[in-house]
Amino acid sequence: MSFEASVLTLYPDMFPGTLGQALAGKALKSGAWSLDITQIRDFATDRHRSVDDTPAGGGAGMVLRPDILARAIDHVSPADDDRPRLLMSPRGKPLTQEMVRNLATGPGAVIVCGRFEGVDERVIGARQLTEVSIGDYVLSGGEVAAQVLLDAIVRLLPGVMGNAVSGQTESFETGLLEHPHYTRPSEWEGRTVPDVLTSGNHAKIEAWRREQAEHLTRERRPDLWQARARKKPPSHG
Ligand code: SAM
């Protein structure tokens with residue numbers, strides 16, 4: 001069974017978007033994952049096909065109606081669907097590589113893309129939507145966020161990444177940012193590739209990469225560095 005993604009959106013033409021190209025696009029064509037897109041507006045009932053209304057209590061913007069969104073969700077993801085239901089939302093749990101990896105080992109995901117000021121709170125509870133944020137900034141809609149999430153998941157699906165080892169040394173997989181990369185030419189604008197990388201000594205190369213990864217993480221992401229230190233088992237002896 002391949003990973004099954006269902007996306008609910010008011011802008012279906014935004015898909016597959018970036019997911020139709022390169023690694024994710026090839027994997028989509030080969031059947032490593034599937035993507036179905038649902039237009040939320042198809043579940044509106046009035047003749048204007050409206051999906052939003054003014055916020056209760058007043059204020060700016062509009063809110064996606066719970067009844068219409070719930071009808072769309074129920075159509076795509078009936079009660080016995082074992083896929084997690086996610087709502088892209090700046091209020092959500094920050095997306096991490098760990099979450100991505102967990103999702104990639106599951107059966108798929110149902111992803112709701114919000115618009116306007118947001119989604120009526122009642123449908124979030126009633127349909128067990130887990131809110132997921134791609135960062136501390138506000139996008140105009142959930143579609144780009146859904147593509148970010150799916151891109152990160154798809155590259156981890158079995159058989160998708162050409163060189164599986166790269167997945168294990170990448171930033172975040174080990175709790176560290178990745179070491180720097182170099183390629184040919186060995187000298188460019190007076191800048192050279194570090195000697196150790198052309199030494200052929202694999203143990204030394206590994207040690208150098210590790211040291212660089214640790215240095216970068218300490219400098220750039222003290223939060224990751226400390227989290228990693230907390231996770232490390234205490235050393236004995
Ligand atoms: N009023 C909301 C707030 O202040 O939290 C922002 C709504 S935003 C304009 C519209 C939609 O974009 C959201 O419902 C969500 O689906 C999506 N979105 C915006 N920023 C996001 C983020 N950082 N991560 C995931 N989705 C986001």
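Bear in mind the structure is a predicted one, so any value in this text is a computation, not a measurement.

1. Section: the packing of helix α7 (residues 202–220) against helix α8 (residues 222–231)
Here comes step 1: In the contact formed by α7 and α8, the axes pass within 5 Å of each other and the chain directions differ by 115°. Packed against α7, whose contacting residues are Arg210, Glu214, Thr217, Arg218, Glu219 and Arg220, the element α8 presents Pro222, Leu224, Trp225 and Arg228 at the interface.
Here comes step 2: Of the residues assigned to the contact of α7 with α8, the class counts are three nonpolar, one polar and six charged.

2. Let's talk about the pattern of salt bridges
Here comes step 1: Summed over the entire model, instances satisfying the criterion amount to 12 salt bridges.
Here comes step 2: With its nearest N and O atoms 3.1 Å apart, the salt bridge here joins Glu121 to Arg91. Here Arg91 lies in strand β5 (residues 85–94) and Glu121 lies in helix α4 (residues 121–126), a separation of 30 residues in the sequence.
Here comes step 3: Taking relative accessible area as the criterion, Glu121 reaches 47% and is therefore assigned partly exposed.
Here comes step 4: According to the relative accessible area criterion, Arg91 is exposed, its value standing at 55%.
Here comes step 5: In this structure, Arg155 and Glu170 form a salt bridge, with 2.5 Å as the shortest nitrogen-oxygen distance. With Arg155 in the loop between α5 (143–154) and α6 (164–169) and Glu170 in the loop between α6 and β9 (187–188), this residue pair connects regions lying 15 residues apart in the sequence.

3. Some points on the nonpolar core
Here comes step 1: Ranked by size, the top nonpolar core spans 29 residues in total, and within it Phe3, Trp33, Ile111, Leu150, Ile153 and Leu157 carry the most contacts.
Here comes step 2: Those elements that place two or more of their residues in this core are β1 (3–9), α1 (22–30), β5, α3 (97–104), β6 (108–113) and α5.
Here comes step 3: Contact partners of Leu150, with chain neighbours within four places excluded, come to Phe3, Ala5, Val7, Leu19, Trp33, Leu35 and Ile111.
Here comes step 4: In terms of nonpolar packing, the next biggest core, distinct from the first, is built from 20 residues, Val51, Leu64, Leu69 and Ile73 among them.

4. Section: the packing of α3 against α5
Here comes step 1: At a minimum axis distance of 9 Å, the contact between α3 and α5 shows a crossing angle of 70°. The angle between the axes of α3 and α5 places the two elements in the roughly perpendicular class. The handedness of the crossing between α3 and α5 comes out as right-handed. The segment α3 lies against α5, with Val100, Leu103 and Ala104 engaging Leu149, Ala152 and Ile153.
Here comes step 2: Of the residues assigned to the contact of α3 with α5, the class counts are six nonpolar, no polar and no charged.

5. With respect to unusual backbone geometry
Here comes step 1: Cis geometry marks the peptide bond from Phe15 to Pro16; its omega dihedral reads 0°.
Here comes step 2: With respect to the element layout, Pro16 can be found in the loop between β1 and α1.
Here comes step 3: Notably, Ala22 is not glycine yet its phi reads approximately 50°, a positive angle.
Here comes step 4: Here Ala22 lies in helix α1.

6. A short note on the site of the ligand
Here comes step 1: Within the structure, the ligand sits among 19 residues, and Met88, Gly114, Glu117, Tyr137 and Leu139 are positioned closest to it.
Here comes step 2: Leu139 places a polar main-chain atom, nitrogen or oxygen, 2.9 Å from a nitrogen atom of the ligand.
Here comes step 3: Contacts to the ligand include Gly141, whose backbone N or O atom sits 3.4 Å from an oxygen atom.
Here comes step 4: Within the complex, 83% of the 580 Å² of free accessible area of the ligand lies under protein.

Conventions used here
- Residues numbered from 1 in each chain as written.
- Predicted model: local features only at pLDDT ≥ 70, side-chain atom pairs only at ≥ 80, totals over all residues.
- Heavy atoms only, no water.
- Axes fitted to C-alpha atoms, helices over the stretch in contact; angles between N-to-C directions.
- Helix = DSSP H or I, 4+ residues; strand = E, 2+ residues; numbered from the N terminus.
- Contact = heavy atoms within 4.5 Å.
- Nonpolar A, V, L, I, M, F, W, Y, C, P; charged D, E, K, R; others polar.
- Salt bridge = Lys/Arg side-chain N within 4 Å of Asp/Glu carboxyl O.
- Buried < 20%, exposed > 50% of the residue type's maximum accessible area, 1.4 Å probe, protein only.
- Core = buried A, V, L, I, M, F, W, Y, C linked by side-chain atoms within 4.5 Å.
- Parallel < 35°, antiparallel > 145°, perpendicular 65-115°, else oblique.
- Left-handed = near helix turned anticlockwise from the far one by under 90°.
- Near = heavy atom within 4 Å.
- Polar contact = N/O pair within 3.5 Å; in protein donor to acceptor, adjacent residues only side chain to side chain.
- Areas by Shrake-Rupley, 256 points an atom, 1.4 Å probe, with all protein chains shown as cover.

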